[in-house]
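The chain contents come next:
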Amino acid sequence: TPPCSTTQRFDPQASLSFARGHFQTFSLSYADSSLVTGFVGRDIVQMGNYYAMTRFGCALDSNDPTMNGIDGILGMGMPDASLPNIPTPLVFALSSDRGGIEGANYINEKLLKTRKFAFLSTSDSAEIQLGGYDRASTSADMVYMPTTSTTEYSVNVQSLTFGGIELLDWTDTKRPNALPAILDTGTTCLVIPDTTLGGRVAAKPYSKFRQIMTKGMSFYITIDGHLFEIPYQYWWQRERDGPCVQKTPPSYAGLLLGDVVFQSLVVEFDLTKPHHPMIGIAPRNPIYSPAPPGGADRLRKVAVGK
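Notes on the structure follow. Within every chain, residues take consecutive numbers counted from 1 along the sequence as written. Predicted model: local features are reported for residues with pLDDT of at least 70 only, side-chain atom pairs are reported and counted for 80 or more only, and whole-chain, interface and lining totals are derived from all residues. Heavy atoms from the whole structure form the basis of all side-chain values; hydrogens and water molecules are not counted.

## Details of the overall build of the protein chain
In step 1: Looking only at helices and strands, one finds four helices and 18 strands in the protein chain.
In step 2: A 1.4 Å probe rolled over the protein chains alone gives each residue an accessible area, and that area as a share of the maximum for its type sets the label: buried under 20%, exposed over 50%, partly exposed in between. Within the span of the protein chain, comprising 306 residues, buried residues form 46% of the whole.
In step 3: Within the protein chain, counting contacts between residues at least 6 apart in sequence, those at least 24 apart form 62% of the total. Strands here are runs of E lasting at least two residues and helices are runs of H or I lasting at least four, both read from the DSSP assignment and numbered beginning at the N terminus. Here, two residues are considered to be in contact whenever any of their heavy atoms come within 4.5 Å of each other.

Below, the structure is given as structure tokens:
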């Protein structure tokens, strides 16, 4: 997280086009139990070369101290998860086909033609790719899978191994087994359960990992039947000389795939069909450098997938 001195937060009073919603407030909770509250505003929002008039939340308070050093939260979620008073996720507000979610178009706007975006990160930067994904950023083609939910970017995980040892040791192997895993850019670490999931697994996955944890080894995760590596250099935090692996909150019986995963993989979010979203995943090209923070946007041809 960058220091507070580098933050560039939105100042409503500095915008001539800003309008605050009358008596419209919001309270938004996340899978890691963090909570953000504030009020609703309306203004022209620009991301890269695309811009449109839309509503958004102006955050005033959070119970998560890591929020102190950031500019804000970029809302790229699904429409089914949006609040009634903030009905348009940003990727829809900026796309030419809004699916009837937002009202009349702003007279002066430039919109994204393909409602897809991809995300990747490194230890000190990150990049959003609009309209698809940049094939140069991956070391293999994307594989695609449906989400397990229309309110969150969740996929099925059948296996998670560390050092060749299975952490999701299913007790009933006669039927298919999987856990939901939320691909969450707002989560830092790999977050795994520390219960037996009601007897579905033989041992607590997080506790088992702590018992066998060894530097230099990789995680291997099977997502919708596809095997991906999470190398040691991404799950081990050199700054504090410790693992970026945590327990899931008691209220969630699944995994959270945070920044550790986005440093290992490039993930594409395909919202072309809002009620049937697709996820694309490919290994990140280790020699690919994201656009530098504060630098100019890159205009490249992107692969649109299927």
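Moving on from the coordinates now.
## Let's talk about the pattern of salt bridges
In step 1: By salt bridge we mean one thing: a side-chain nitrogen of Lys or Arg within 4 Å of a carboxyl oxygen of Asp or Glu. A complete count under the given rule lists five salt bridges for this structure.
In step 2: The salt bridge involving D270 is made with K116; its shortest N-O contact spans 3.8 Å. Separated by 154 residues along the polypeptide, D270 in strand β17 (residues 265–270) and K116 in strand β4 (residues 116–121) bring together distant segments of the chain. Of the two residues, D270 and K116, both sit in the buried class.
In step 3: Between R175 and D172 there is a salt bridge; the shortest N-O distance is 3.3 Å.

## Considerations on unusual backbone geometry
In step 1: For L197, which is not a glycine, the phi torsion comes out positive at approximately 55°.
In step 2: Topologically, L197 is positioned in the loop between β10 (190–192) and α2 (205–212).
In step 3: The exposure class of L197 is buried, given its relative accessible area of 12%.
In step 4: Backbone geometry at D241 places phi at a positive 50°, although glycine is not the residue there.
In step 5: You can see D241 is positioned in the loop between β13 (236–237) and β14 (242–243).

## Quick notes on the side chain of T161
In step 1: By the secondary structure assignment, T161 is in strand β7 (residues 154–162).
In step 2: On the basis of relative accessibility, which here comes to 16%, the residue T161 falls in the buried class.
In step 3: Setting aside residues up to four positions removed in sequence, T161 forms contacts with E166, L167, S218, F219 and Y220.

## Some words on the pairing of strand β11 (residues 219–223)
Within a regular beta strand, the side chains point alternately toward one face of the sheet and then the other, so they alternate between its two faces.
In step 1: Buried residues dominate β11, accounting for four of its five residues.
In step 2: Direction of pairing for β7 relative to β11: antiparallel, over a ladder of five bridges. Counterpart to T161 in the pairing with β11 is Y220.
In step 3: Bridging between β11 and strand β12 (residues 226–230) involves five bridges; their strand directions are antiparallel. Within the sheet, the bridge partner assigned to Y220 lies in β12 and is E229.
In step 4: The antiparallel pairing of β11 with β12 creates a hairpin that spans two residues between the two strands, and D224 there sits at a positive phi of about 50°. Here the rule is simple: two strands pair whenever DSSP picks up at least two bridges between them.

## Here we look at the state of the cysteines
In step 1: Disulfides are defined as cysteine sulfur pairs within 2.5 Å. Considering all chains together, one arrives at one disulfide under this definition.
In step 2: Here C189 connects covalently by a disulfide to C244, the sulfurs 2.0 Å from one another. On the S-S bond that ties C189 to C244, the torsion sits near -85°, and the link is left-handed. Here C189 is found in the loop between β9 (179–183) and β10, whereas its partner C244 is found in the loop between β14 and β15 (245–247), with 55 residues between them in sequence.
In step 3: Look at C244 and you get buried, because its relative accessible area is 2%.

## Notes on the environment of M78
In step 1: If you trace the backbone, M78 turns up in the loop between β3 (50–62) and α1 (90–93).
In step 2: Given the relative accessible area of 3%, M78 is considered buried.
In step 3: Spatially, the C-alpha atom of M78 lies 8.7 Å from that of H275, the residues being 197 residues apart in sequence.
In step 4: Not counting residues within four places of it along the chain, the set of residues in contact with M78 comprises P89, T147, S149, T150, T151, E152, Y153, L271 and P277.

## Things to note about the pairing of β3
In step 1: One ladder, built from 12 bridges, connects strand β2 (residues 35–47) with β3; its direction is antiparallel. Of the residues in β3, the one forming a bridge with V45 is A52.
In step 2: Between the antiparallel neighbours β2 and β3 lie two residues, among them G48 with a positive phi of about 65°.

## Here's the deal with empty space enclosed by the protein
In step 1: Within this scheme a cavity is a closed region of a 1 Å grid, computed over the protein atoms alone, that accommodates a 1.4 Å probe without allowing it to escape, whereas a pocket is open but has protein on both sides within 12 Å along at least five of seven lines; lining residues each have an atom within 4 Å of a point. Grid points are joined across faces, edges and corners, and a volume is the space filled by probe spheres set on the points. Considering all chains together, one arrives at one cavity of 30 Å³ or more under this definition.
In step 2: Size it by volume and the largest cavity reaches roughly 40 Å³.
In step 3: What lines the largest cavity is M47, Y50, M76, V91, L94, L112 and L130.

## Side note on α2
In step 1: Here α2 has its buried residues at P205, Y206, K208 and F209. Projected onto a plane normal to the axis of α2, the buried residues spread over an arc of 160° and lie on a single side. The arc refers to the directions leading from the helix axis to the C-beta atoms.

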